[in-house]
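Secondary and tertiary structure notes
Here is how the chains run, residue by residue.
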Amino acid sequence: MEDKVLSLKNLTMSYSGKNVLNGINLDVYRGQIIGYIGPNGAGKSTTLKIMLGLIDNYEGTVEILGKDISKSGYTYKERIGYVPENAEIYDNLTAAEYLTFIGELYGLDREVARKKALHLLIEFDMEHVFHSRISSFSKGMRQKVLIVSSLLHNPDVIFLDEPLSGLDANSVMIIKDMLEALANKGKTIFYSSHIMDVVEKISNRIVLLVDGEIKADGSFEELKAESQKGSLESIFNQLTGFDEHKETAEHIVSIVTEDTYD
Amino acid sequence: MIENGLLKVLDPFRSIFRKFNIDYDMMRLILQMKLTMDARRVPTILSQSKKKEGNQFIKGLWIYGLYGLILIPFFFLGDNLMLQASLITGIAMFILGTSMISDFSSVILDVRDKIILNTKPIDSRTINAAKVMHVSIYLTLITGAFITIPAIVLLFVNGFFYFVIFIIEIILLDIFILAITSLAYILILRLFDGEKLKDMINYVQIMLAIGMVIGYQIIIRVYDVVGFELIYHFSWWHLLIPPLWFGAPFELLLNQDYSLGIILLSILAIIVPIVSIFAYYVSMPSFERNLQKLMEESKKSKKRNKNLGQLLERLLCFSKEERAFYRFASIMISRERDFKLKVYPSLGMGLIFPLIFLYNNLGYQSFEALSESKSYLTIYFCNIIIGVVVFMLQYSGKYKGAWVFYTTPIKKHSIIYSATLKAFFVKLYLPILFILSIVYVWIFSFRIIPDLIVILFSGIILMLISYKMFSVAKIPFTEPIESAQQGGGSSVKIILLMILVGIFATIHFAISTITFGIYVYLFILVIVSIVLWKIIFR
C-alpha cells in the first residue's frame, strides 16, 4: 500500500509575474482517492496540466510513478488517464471513431480499443449512439464518452477534473462506485471538484488548495476533527476564510431588483 | 474516400519519418482523424443553411487550376529564360505563399486539441509532424491543382528537361514556403508573450503577405532594358530575392550559363529550402511548447481613449441595440484570434497593392506627370479586400457563443449584421483608406479629395453587395472558422466582386473626364448607398 505514485516537490508556477502555485509538496500513494479542492482560480487545473505535461515551464519537481516527468519524456503518459475540465472533444467524430482513436493514441490495438469502448458504453446504456456523432450528444453523454476515453487503456493513475459535470444522479452513483472499485484494484485517483458532498463521500484523502498553497491535507475525519465543523462544505468555507455568503447573496439580490439602474 | 488515398501515398516514406524520430503510425493515425474531420465540416446547427458534406477544401481546388492558367502566357514570353523562369516561380510563390499564410496559419497555430493530444503518450515532435503533414497535404493538393495544366503545356512547348526542372523547383518552393512561414511563427512565439504575441502574429502575417507582393514586384526590375532586349546582370542583393534563386537553375542548366551569380543563385534555390526545413525540424519541440503561450490569458487590457470611437458610434448607429452590436462586432474584429489570422493578411494586401501599382506607373512617367495624371484611381485596389473580409465576417473561432443571439429578445436580427458591417467599415476599411489617402493627397494634391469620397461610397456599395452575395449565415460570427477555407463557390463570388471593383474604377475614370461630373456621380453614389442600405436592412 505504501508505493508512492505521485510526488510533487516544491512545485511553483507563475504566469507573467503572478504566482499561481506557491511551492506545493504532495505525496500520493497507490490506491488513494485524492479529492483536490479549492476555490476558483486556486491553481487546481494548473497542477493537473503540469502533471499531464501540458505546461512545462514550472519550477520544482514532479515525479509520477517514480520518474521525473521533465526528464522521462512522454512515455509516462501511457499509464495515466485524464478527463479534462471543459469537455474538449473532437465532436464531429462518432463515439466509436473517437474512442478507438484515443485508444490507439494510448497504444491499444484498433480492434481491442473498439470492442472495449463498445462494452464500456453498453454499461452506460449508450450502445445505440455508438455510431452517432458526438456533436449530437447531450452534455452528460459527452462526459461519459470522456470518462470512457480515459479508462480504455487500463491506466494506473487517473486524473479527473470535474468528472461529474452534466451527469444525472444515477450516473453519478455509477461513477462514484466505479472510482471506489478502481481504487480497490490499486489504481490511484486524483479528483478535482467543486461538489463538496461528493468529494466528502468518495475521497479517502482531501487536499485543499488556496492561492496556490496547500491549506489542508487529510482524511475527511481528520479535517472534521481539526475544524470542528460537520460538513466538508463548512470546512471549506472556514479554511478559505469565507463567511459572508449570506450578506453577498443579499447584496446580489438587491442589485438585481434595484430600479435605479436605468 | 480521397483521404485514405492521400495517406497511402505517404506510406512508402515511413522509414524516412522513422529516421527523424517521428512515430509514423501515430502520425498517420492523427492525420487520418484530422482528414476525416475536415470531410465532415458541416454548417452549425444554428444556421439554417442546407447541409453540405464532404471536404469543402478539395471541392474548392479547381479555383487554383484557374489561377494556374495565369502562368501559361509566360511560357511564350520572349526568349530570356531567366526572366521567364523567375516570373513564373515568382507568381507561383505568391499564390501558394498567400494561401499558406491566410488559410493554414490557423492549422499550424492550432491549440484547441492540445488537451486531447498532448495528454496522451505521444512525442510532441510526432504531434507537430502530423500538423505539418496536414498542411503539406493541402499545400500539395493546391500545388497540384495549380501547376497541372501549366506543366502539361510546358512539357509540349519547352520540352522534357525544362519540365523536370520545373517540377523539382516547385517542390523546393513548397518546402521553402512551408518552412519559412513556420519558422517565422516559431521566432515570434519564442520572442513574445501574452497579448503582444497575438498582435505580433498578425503583423508577421501582414509582413509576409506584403513581402510576397514586393518580392514578386522586384523581379522585373532587376532586368535592364537594352534596345528591345531584357538583359540580366547579377548583383549581390539579388541573393535576397527568392524568385531569382528559383529562376537561376533554368538559366544554368538550359542555357549552360555558368557565371558565378547564376551558380550562387542556383545553389541557394536548393540549399535554403533544405536548410530551412531542417531548422524547422530542430525547433519543432520548442514550437509545440511555446504554443502553450497562446492559451494563456493575459490579465491586463488597456483602456483606450474612446472619444472618437464613441462619436462615430453615435453618428453611425441609430438605436441602442445597434450600438451594442457595433461595439460587440468591433471587439470581435480586433480580438478574435482565428478571425484575425484569416483576415489580416488581406488587409496588408489592400494597403500595399494600390501603392505598388502606383509605383509601377512611375516606371514610365515622371513624378510631375504622375501627380497630374489619373493614376490615383489605383487606390481602387484597396476595395478588393472588402469582398474577402465581408465573406469572413460570418465566421468565428468562437462561433459557439452565438446562442446568446437566439435566447435574448432581439427585435430585429438584421440589425446585428448592419452593425457588424459598420464596425468592419470603421475599424478595418477606413484606416486603410485613410493611410492611403494621406499618401495619395501628398502625391496628387487636394484636388483628389472628391474622388476619395467617391471611392469611399463605392466601398460602401460594394460592401452591401458583398453582404448580399455571401451571407450564408443570418448572424455574423456564427459559422465555424474551419469551414471558411475558401470553397469554390465563394472564390467565384470574390472574383466577381473584383470585376465589380474594376467596373467602379472604369466608371470613375469615365466620369472624371466630364467637368463637375464627379460631384453628380458622388451624389448618385450617396443616394444609392442610402437606398441600398434601407432595402437590405429593412
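Quantities reported herein were computed from a predicted structural model and do not represent experimental measurements.

**A few points about the confidence of the model for chain B**
All names here are of chain B. In the predicted model, chain B carries a mean pLDDT of 82, and 90% of its residues have values of at least 70. Note on residues 43-51: pLDDT is under 50 here. Beyond four places in sequence and across chains, it has 14 contacts. Confidence estimates for the predicted assembly give a pTM of 0.76 and an ipTM of 0.76.

**Structural notes on helix H7 (residues 81-108) of chain B**
Along H7(B), the sharpest change in direction is near 40° and occurs at B:Ser102. Of all 28 residues in H7(B), 28 are buried; the element is thus mostly enclosed.

**Brief notes about the packing of aromatic side chains**
Residues and elements named next belong to chain B. Inspection of the entire model under this criterion finds 30 aromatic pairs over all chains. Between Phe-328 and Phe-477, the aromatic rings sit 6.1 Å apart at their centres with planes inclined by 85°, giving edge-to-face as the arrangement. Of this pair, Phe-328 sits in helix H15 (residues 320-335) while Phe-477 sits in the loop between helix H21 (449-470) and strand S4 (479-480), placing them 149 residues apart in sequence. For the ring pair Phe-357 and Phe-381, a centre distance of 4.1 Å and an interplane angle of 5° mean the geometry is stacked. One end of the pair, Phe-357, is in helix H16 (residues 337-362); the other, Phe-381, is in the loop between helix H17 (367-372) and helix H18 (384-392), with 24 residues separating them in the sequence. With a relative accessible area of 27%, Phe-357 lands in the partly exposed category. One aromatic cluster in this structure is built from Phe-325, Phe-328, Phe-339, Phe-405 and Phe-477. Sitting over the face of the ring of Tyr-344, Lys-340 holds its NZ or CZ atom 5.8 Å from the ring centroid.

**So, the interface of chain B and chain A**
Across the boundary between the two partners, chain B contributes 28 residues, which contact 27 residues of chain A. One can count zero salt bridges joining chain B with chain A. Run the count over chain B and chain A and you get one residue pair in polar contact (both at pLDDT 80 or more). Among the elements that line the side of chain B that touches chain A, the one with the most residues is helix H3 (residues 24-39) of chain B, at eight residues.

**With respect to the sheet that holds strand S4 (residues 59-64) of chain A**
Residues and elements named next belong to chain A. One open sheet accounts for four strands, arranged S2-S1-S4-S5; its pairing is antiparallel. In this open sheet, the two edge strands, each paired with only one partner strand, are strand S2 (18-29) and strand S5 (67-68). With five bridges joining them, strand S1 (residues 4-15) and S4 adopt antiparallel strand pairing. Among the inter-strand pairings, Leu-8 is bridged to a residue of S4, identified as Val-62.

**A look at the domain arrangement of chain B**
All names here are of chain B. Looking at chain B, the domain boundaries give domain 1 (79-92 + 144-295) and domain 2 (307-536). Using only C-alpha atoms to locate each centre, domain 1 and domain 2 end up separated by 32 Å. Taken together, the contact pairs 13 residues of domain 1 with 12 residues of domain 2. In total, about 1,200 Å² of surface goes out of reach between domain 1 and domain 2, with carbon and sulfur atoms giving 69% of it. There are zero salt bridges connecting domain 1 and domain 2. Linking domain 1 with domain 2 are zero residue pairs in polar contact (both at pLDDT 80 or more), by the criterion used here. Among the residues forming the side of domain 1 that touches domain 2, the class breakdown is seven nonpolar, three polar and three charged.

**A look at the packing of H18(B) against H21(B)**
Residue and element names in this part refer to chain B. Between H18 and H21, the least distance of the axes is 9 Å, while the angle of their chain directions is 40°. Classified by the angle their axes make, H18 and H21 are oblique. The crossing of H18 and H21 is right-handed. Contacts from Ile-386, Gly-387, Val-390 and Phe-391 in H18 reach Gly-459, Leu-462, Met-463, Ser-466, Tyr-467 and Phe-470 in H21. Its residues assigned to classes, the contact of H18 with H21 shows seven nonpolar, three polar and no charged.

**Here's the deal with the pattern of salt bridges**
Applying the stated criterion across every chain, the model contains 14 salt bridges over all chains. A salt bridge links A:Asp156 to A:Lys187; the shortest N-O distance between them is 3.9 Å. With a gap of 31 residues between them, A:Asp156 in the loop between helix H5 (139-151) and strand S7 (157-161) and A:Lys187 in the loop between helix H6 (169-184) and strand S8 (188-192) connect regions that are remote in the sequence. Judged by relative accessible area, A:Asp156 falls into the partly exposed class, the value being 26%. Given the relative accessible area of 10%, A:Lys187 is considered buried. Note that B:Arg327 and B:Glu313 form a salt bridge whose closest N and O atoms lie 2.3 Å from each other. Of the two residues, B:Arg327 is situated in helix H15 and B:Glu313 in helix H14 (residues 307-316); the sequence distance between them amounts to 14 residues. Overall, B:Arg327 belongs to the partly exposed group, its relative accessible area being 41%.

**Quick notes on the sheet that holds strand S6 (residues 80-83) of chain A**
Residue and element names in this part refer to chain A. Taken together, the six strands give an open sheet; going across it, the order is S6-S7-S8-S3-S9-S10, and neighbouring strands pair in mixed fashion. In the strand order of this sheet, the two ends are held by S6 and strand S10 (213-218), each with one partner. The sheet shows a mean angle of 15° between the axes of neighbouring strands, direction not considered. Relative to strand S9 (residues 205-210), strand S3 (residues 33-37) runs parallel, the two being bridged by four bridges. Across the sheet, the residue bridging to Ile-37 is Leu-208, located in S9. Running over the sheet, H6 touches S3, S7 and S8 and is turned about 145° from S8. Sitting on the sheet, helix H8 (residues 220-227) touches S9 and S10, and the angle it makes with S10 is about 110°.

Conventions and cut-offs
- Position numbers for residues count from 1 along each chain, tracking the sequence in the order it is written.
- All chains are assigned letters beginning at A, and all ligands numbers beginning at 1, according to the order in which they are written.
- At least 70 in pLDDT is required for a residue's local features to be given in this predicted model, at least 80 for side-chain atom pairs to be given and counted, and no such filter applies to totals for whole chains, interfaces and linings, which use all residues.
- Just so you know, side-chain values use all the structure's heavy atoms and leave hydrogens and water out.
- Every residue gets a pLDDT, meaning the predictor's confidence in that residue, from 0 to 100.
- Every residue pair with non-hydrogen atoms within 4.5 Å of one another is taken to be in contact.
- Two axes define the bend at a residue: one fitted to the seven residues ending there, one fitted to the seven starting there, and the bend is the angle between them.
- Secondary structure elements are defined from DSSP: runs of H or I of at least 4 residues count as helices, runs of E of at least 2 residues count as strands, and each element is numbered from the N terminus.
- Relative accessibility decides the category of a residue: with a 1.4 Å probe and only protein chains considered, values under 20% of the type maximum give buried, values over 50% give exposed, and everything between is partly exposed.
- Two aromatic rings, drawn from Phe, Tyr or Trp (for Trp, its six-membered ring), form a pair once their centres lie within 6.5 Å of each other, and the interplanar angle then sorts them: stacked below 30 degrees, edge-to-face above 60, tilted otherwise.
- Both a distance and an angle decide whether a charge sits over a ring: NZ of Lys or CZ of Arg must be within 6 Å of the ring centre and within 35 degrees of the ring normal.
- The salt bridge criterion pairs a side-chain nitrogen of Lys or Arg with a carboxyl oxygen of Asp or Glu, the two atoms within 4 Å.
- Any pair of nitrogen or oxygen atoms within 3.5 Å is treated as a polar contact; in protein, a donor-acceptor pairing is required on top of that, and neighbouring residues in sequence qualify only through side-chain atoms on both sides.
- Strands pair, by our definition, only if DSSP identifies at least two bridges between them.
- Domain start and stop positions are those given by an automatic or database domain assignment.
- Here the quantity called buried area is the accessible surface, traced with a 1.4 Å probe, that two parts lose on coming together, added over both.
- Ten residues, namely Ala, Val, Leu, Ile, Met, Phe, Trp, Tyr, Cys and Pro, are considered nonpolar, four, namely Asp, Glu, Lys and Arg, are considered charged, and the remaining ones, Gly among them, are considered polar.
- Working convention: axes come from line fits to C-alpha atoms, limited for helices to the stretch in contact. Angles between N-to-C directions cover 0 to 180 degrees.
- By definition in this entry, angles of less than 35 degrees are roughly parallel, angles greater than 145 are roughly antiparallel, angles of 65 to 115 are roughly perpendicular, and the rest are oblique.
- Crossings are sorted by hand: turned counterclockwise from the far helix by less than a right angle, the near helix makes the crossing left-handed, and turned clockwise it makes it right-handed.

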